[in-house]
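# Summary of the model geometry
Chain by chain, the residues:
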Amino acid sequence: MEQVYTVSEINRYIKTIITHDHALGSILIRGEISNCKYHTSGHVYFTLKDAGSRIACVMFAGNRRGLTFTLEDGMSVIAFGSIGVYERDGRYQLYVDDVQKDGVGILYERLERLKEKLSGEGLFNDDHKKAVPPYSATVGIVTAATGAAIRDIVNVAKRRNPYVELILYPVHVQGETAAKEIACAIRELDKISPDVMIIGRGGGSFEDLFAFNEEEVVRAVYECRTPIISAVGHEVDTALSDFAADLYAPTPSAAAELAVCRIDDVFDKIKEYKNTLMRLMNNRIEVARNKLEFYETHIRYHRPDEMLRQKRQLLSDMWNTLEGIISLKLERRKVKLASLSDKLDMLSPLKRLSGGYAYVTNEDGIPLKSIEDVSRGDDIIINITDGVIDANVYDVKDGK
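A brief structural summary. (Residues numbered from 1 in each chain as written. Predicted model: local features only at pLDDT ≥ 70, side-chain atom pairs only at ≥ 80, totals over all residues. Heavy atoms only, no water.)

### Here's the deal with the sheet that holds strand 7 (residues 165-170)
- Taken together, the five strands give an open sheet; going across it, the order is 7-6-8-9-10, and neighbouring strands pair in parallel fashion. Looking at which strands have only one partner, the edges of the open sheet turn out to be strand 7 and strand 10 (247-248).
- Each of strand 6 (138-143), strand 7, strand 8 (196-201) and strand 9 (228-232) is contacted by helix 6 (residues 178-191), which is oriented at about 165° to strand 6, the strand it contacts most. (Pairing = 2+ DSSP bridges. Helix = DSSP H or I, 4+ residues; strand = E, 2+ residues; numbered from the N terminus. Contact = heavy atoms within 4.5 Å. Axes fitted to C-alpha atoms, helices over the stretch in contact; angles between N-to-C directions.)

Rendered as structure tokens:
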């Protein structure tokens, strides 16, 4: 039966082979630092990378004391150390004894000075950034005519919205003329005013991506009236154009997703707007219909001819009522007048005269009420029903 080994035995065996390889025991490696972390223990963990590969590195606290600068992401360095195996994880890594800046380190320092200068001028301020429109019909693209970046952008954009118009302004994305070409492309595309612009490229080394760190490119991005999405390299890469752009995307594919909305989402939103509009219109029509019915009823019961007819009827009723009241009052007055007339007739002197009574006055017409008002020989006048008698008093007698 064949020999079966444990994982630990295999990792230990590989470690032994690497440890006894004199070429790996003392080695210089050039690369760009990424994922750099200073641990509280004093150790430094980072990754060295180039255009095609990466290697994990660790620099223990004792070796770190000889460093004259701080390790940072993007810095190009030459690391001296040995290759070993960390048995527990079965992972090989570079155990770093010393680190020196590479020629690119000078480029990195230049980048930091330019970044500080442009930041001081306000080119990276958020208040200058423009909003990327949610629905873009035209998208300008500044990148190489060939390569993964343009393929990714086109594939993602057409998948999300086959109706979007993509306008490519091809440029070199690395080399001596790259920065000038990129800046010129941004200005030319800005003249035709696409809805949004994507600038960027696929991944590469620090030197390969440096065209997007040049001052003329950053200023062209800042001065552009069209909203710009910057997508340079991969997730771990950052260029100054990313800081000046209106929106940053970690990759060209992500930039296409930010620039181009899904057409299905647009259709869903239009359908939602349609349903909302129909609901609002139906509500308004229902409200208008209710108002119309109310006004129709109101007019029916308050139209001028109907109101006039009702007023006439009211006037007629009031007239009849008034006539009734007047007739009743006249009748009552007639009855009262007849009663008073009877009483007056009963008290009338003429009534008494007709019963055989006479009305006697002296010759001056003053009524005689007592025997004391007349003397023997006085002339008197006797009024009876059908005439007047002139007489002379013959005698006056006391009736007692």
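After presenting the structure, the write-up continues.
### Examining the packing of aromatic side chains
- In this structure the tally under the stated criterion is three aromatic pairs.
- Pairing Phe124 with Phe243 gives two aromatic rings, centres 5.6 Å apart and planes at 45°, and the pair type is tilted. Placement of the pair is Phe124 in the loop between helix 4 (103-120) and strand 6 and Phe243 in helix 8 (residues 240-244), with a sequence separation of 119 residues.
- A residue is classified by how much of its surface remains accessible, and Phe124, at 12% relative accessible area, is buried.
- Judged by relative accessible area, Phe243 falls into the partly exposed class, the value being 31%.
- In this structure, Lys101 packs its charged tip against the face of Phe69, placed 5.2 Å from the ring centre. (Phe/Tyr/Trp six-rings, centres within 6.5 Å; stacked < 30°, edge-to-face > 60°. Buried < 20%, exposed > 50% of the residue type's maximum accessible area, 1.4 Å probe, protein only. Lys NZ or Arg CZ within 6 Å of the ring centre and 35° of its normal.)

### With respect to a positive patch on the surface
- Judged by side-chain charge, Lys329, Arg332, Arg333 and Lys336 come together as a positively charged surface patch.
- Note on placement: Arg333 falls in helix 11 (residues 304-347).
- Judged by its relative accessible area of 57%, Arg333 is exposed. (Patch = residues over 30% accessible without salt bridge, like charges linked within 9 Å, V, L, I, M, F, W, Y side chains within 5 Å. Areas by Shrake-Rupley, 256 points an atom, 1.4 Å probe, with all protein chains shown as cover. Salt bridge = Lys/Arg side-chain N within 4 Å of Asp/Glu carboxyl O. Lys, Arg positive; Asp, Glu negative; His and termini not counted. Charge placed at Lys NZ, Arg CZ, Asp CG, Glu CD.)

### Some remarks on the sheet that holds strand 5 (residues 91-101)
- With mixed pairing, five strands are arranged side by side around a closed barrel as 1-2-3-5-4. The mean inter-strand angle of the sheet, taken between neighbouring strand axes irrespective of direction, is 55°.
- Two elements, strand 1 (residues 27-38) and strand 4 (residues 76-86), share six bridges in a ladder whose sense is antiparallel. Opposite Ile27, over in strand 4, you have Gly81 as the bridge partner.

### Looking at the side chain of Thr143
- Secondary-structure assignment places Thr143 in strand 6.
- Those residues within four positions of Thr143 in sequence are excluded, and the remaining contacts are Ala149, Ile150, Leu168, Tyr169, Pro170, Val171, Val173, Gly200 and Arg201.

### Remarks on helix 6
- With 14 residues, helix 6 extends 20 Å between its outermost C-alpha atoms, agreeing within 8% with the 20 Å of an ideal straight helix rising 1.5 Å per residue.
- The complete set of buried residues in helix 6 reads Ala178, Ala179, Ile182, Ala183, Ala185, Ile186, Leu189 and Asp190. With its buried residues spanning 160° around the axis, helix 6 presents them on a single face. Opposite the buried face of helix 6, by more than 90 degrees, sit the exposed residues Lys180 and Lys191.
- Contact partners of the buried residues in helix 6: strand 6, strand 7, strand 8, helix 7 (215-223) and strand 9.
- Positive backbone phi, at 55°, marks Ser193, one or two positions downstream of helix 6. (Expected span 1.5 Å × (residues − 1). Arc of directions from axis to C-beta.)

### Notes on the nonpolar core
- Core analysis: the largest hydrophobic core is formed by 56 residues, its most contacted members being Phe46, Leu48, Leu71, Leu94, Val99, Val142 and Ile186.
- It is helix 6 that contributes the most residues to this core, seven residues altogether.
- Setting aside residues up to four positions removed in sequence, Phe46 forms contacts with Ile33, Ser34, Asn35, Cys36, Ile55, Ala56, Cys57, Met59, Leu71 and Val96.
- Of all hydrophobic cores here, the second largest spans 18 residues; its members include Ile141, Ala157, Val196 and Ala259. (Core = buried A, V, L, I, M, F, W, Y, C linked by side-chain atoms within 4.5 Å.)

### Details of the pattern of salt bridges
- Evaluated as defined, the whole model comprises 14 salt bridges.
- Close ionic contact of Lys15 with Glu87 constitutes a salt bridge, the shortest N to O distance being 3.7 Å. Taken together, the residues Lys15 in helix 1 (residues 7-19) and Glu87 in the loop between strand 4 and strand 5 connect sequence positions 72 residues apart.
- Assessed through its relative accessible area of 33%, Lys15 is described here as partly exposed.
- By relative accessible area, which is 28% here, Glu87 ends up partly exposed.
- Residue Asp395 pairs with Arg376 through a salt bridge whose shortest N-O separation is 3.0 Å. With Asp395 in the segment after strand 13 (387-392) and Arg376 in the loop between strand 11 (359-362) and strand 12 (379-384), the pair connects residues that are 19 residues apart, well separated along the chain.
- For Asp395, a relative accessible area of 34% puts it in the partly exposed group.
- Judged by its relative accessible area of 61%, Arg376 is exposed.
- Ionic contacts of the salt-bridge type, sharing partners, join the residues Lys117, Glu121, Glu215 and Arg219 into one network.

### Here's the deal with the packing of helix 6 against helix 7
- The geometry of helix 6 relative to helix 7 is characterised by a closest axis approach of 8 Å and an angle of 10° between their N-to-C directions. If you check the angle between helix 6 and helix 7, you find them roughly parallel. Residues Ala179, Lys180, Ile182, Ala183, Ile186 and Arg187 of helix 6 lie in contact with helix 7, whose contacting residues are Glu216, Val217, Ala220 and Val221.
- Tallied by class, the residues present in the contact of helix 6 with helix 7 amount to seven nonpolar, no polar and three charged. (Parallel < 35°, antiparallel > 145°, perpendicular 65-115°, else oblique. Nonpolar A, V, L, I, M, F, W, Y, C, P; charged D, E, K, R; others polar.)

### Considering the pairing of strand 1
- Of the strand pairs in this sheet, strand 1 and strand 2 (residues 44-49) are connected by five bridges, and their pairing is antiparallel. When the bridges of strand 2 are listed, Tyr38 appears paired with Val44.
- The hairpin turn running from strand 1 into strand 2, its antiparallel successor, is five residues long, and Gly42 in that turn takes a positive phi close to 100°.

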